[in-house]
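A structural walkthrough
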Amino acid sequence: MKKILLVEDEMHVVSFIKKGLTEEGFDVTVAFDGNTGLQLFYDNQFDLIILDIMLPDKNGLEVCKDVRKVNNNIPVLFLTALGTSENIVLGLETGADDYLVKPFKFIELLARIRTLLRRTEAGGAIPEIQEDHIYRYADLEVNDYSKEVVRDNKPVSLTSTEYKLLLYFIKNKNKVLSRTDILEEVWGVNFDIGTNVVDVYVNYLRKKIDTYADQKLIHTVIGMGYVLKDNG
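Residues numbered from 1 in each chain as written. Predicted model: local features only at pLDDT ≥ 70, side-chain atom pairs only at ≥ 80, totals over all residues. Heavy atoms only, no water.

1. Notes on the side chain of Glu162
Following the sequence through the fold, Glu162 ends up in helix α6 (residues 160–171). Residue Glu162 is classed as buried on the basis of its relative accessible area, which comes to 0%. Reaching out from Glu162, the side chain makes a polar contact with the side chain of Lys208 at a distance of 2.9 Å. (Helix = DSSP H or I, 4+ residues; strand = E, 2+ residues; numbered from the N terminus. Buried < 20%, exposed > 50% of the residue type's maximum accessible area, 1.4 Å probe, protein only. Polar contact = N/O pair within 3.5 Å; in protein donor to acceptor, adjacent residues only side chain to side chain.)

2. Section: the pattern of salt bridges
Taken as a whole and judged by the stated rule, the model has 17 salt bridges. Among the salt bridges present, the one from Glu23 reaches Lys19, with a minimum N-O distance of 2.8 Å. Here the residue Glu23 and the residue Lys19 both occupy positions in helix α1 (residues 11–23), the gap between them amounting to four residues, near one helical turn. The same class applies to Glu23 as to Lys19, namely exposed. Among the charged side chains, a network of salt bridges with common partners joins Glu8, Glu10, Asp52 and Lys102. (Salt bridge = Lys/Arg side-chain N within 4 Å of Asp/Glu carboxyl O.)

3. A short note on the nonpolar core
Counting 50 residues, the largest nonpolar core has Leu51, Val149, Phe169 and Ile182 as its most contacted members. Ranked by the residues each element gives to this core, the list is headed by helix α8 (residues 197–209), at eight residues. If sequence neighbours within four positions are ignored, Leu51 has contacts with Val7, Gly60, Val63, Cys64, Val76, Leu77, Phe78 and Leu79. Core analysis: the second largest hydrophobic core is formed by 20 residues, Val13, Ile17, Leu21 and Leu109 among them. (Core = buried A, V, L, I, M, F, W, Y, C linked by side-chain atoms within 4.5 Å. Contact = heavy atoms within 4.5 Å.)

4. Some words on the sheet that holds strand β9 (residues 154–156)
Read across the sheet, four strands follow the order β6-β7-β8-β9 without closing on themselves; strand pairing throughout is antiparallel. Only two strands of the sheet have a single partner each, and these edge strands are β6 (134–137) and β9. When strand polarity is set aside, the average angle formed by the axes of neighbouring strands in this sheet is 20 degrees. Pairing analysis gives four bridges linking β6 to strand β7 (residues 140–143), with the strands arranged antiparallel. Looking at β7, one finds that Tyr135 is bridged to Val142. Sheet contacts for α6: β6, β7 and β8 (148–151); angle to β7, the most-contacted strand, approximately 115 degrees. (Pairing = 2+ DSSP bridges. Axes fitted to C-alpha atoms, helices over the stretch in contact; angles between N-to-C directions.)

Keep in mind these numbers describe shape, not what the thing actually does.
In structure tokens, the structure reads:
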């Protein structure tokens, strides 16, 4: 049984999430403020954290930063009523793997949770031959054995979702990928989730991959999607 830590101060949201996840076979522990949630994280072993941003005592951004100081692998899913791209990127910058804007449907929350858990489990597999899992393009290198990314001989720190997005790009270099393609591959869903999650993550990945590089690799193809290529 997968153990989930839910840090949320709205009682009706807690009741809604806990009831649904318990019925789906998850073990849910609840905290109603940031400090309690962080202490529960320190004292217990969880498989995933669902974290509201607006919390008493310590907000979700601060909690996520503290979590990442000791554990960079546990999936963190933000719940937020602040749905602008700026607020979402701020949340991702603290180390969250995904976000969900309130109000949301339970089926969407469940899909996100299952995708994050599958991704974490898949990341634990160790390939037999390391070189087969190294992808290079221009001055970019992605090592799918160690999950390390290097650009111009400098390490790049990515969240698990950003890493999976970049891996999908580099495996399909020079190919235009639609938002639907990316959504299905990276998030594991093939339906419209009603958010700009793909655009937000691509833009955030660009900041880490391209901002300080002379050559931009991630390009927008207007009306079609995105492409990883070495000239624009």
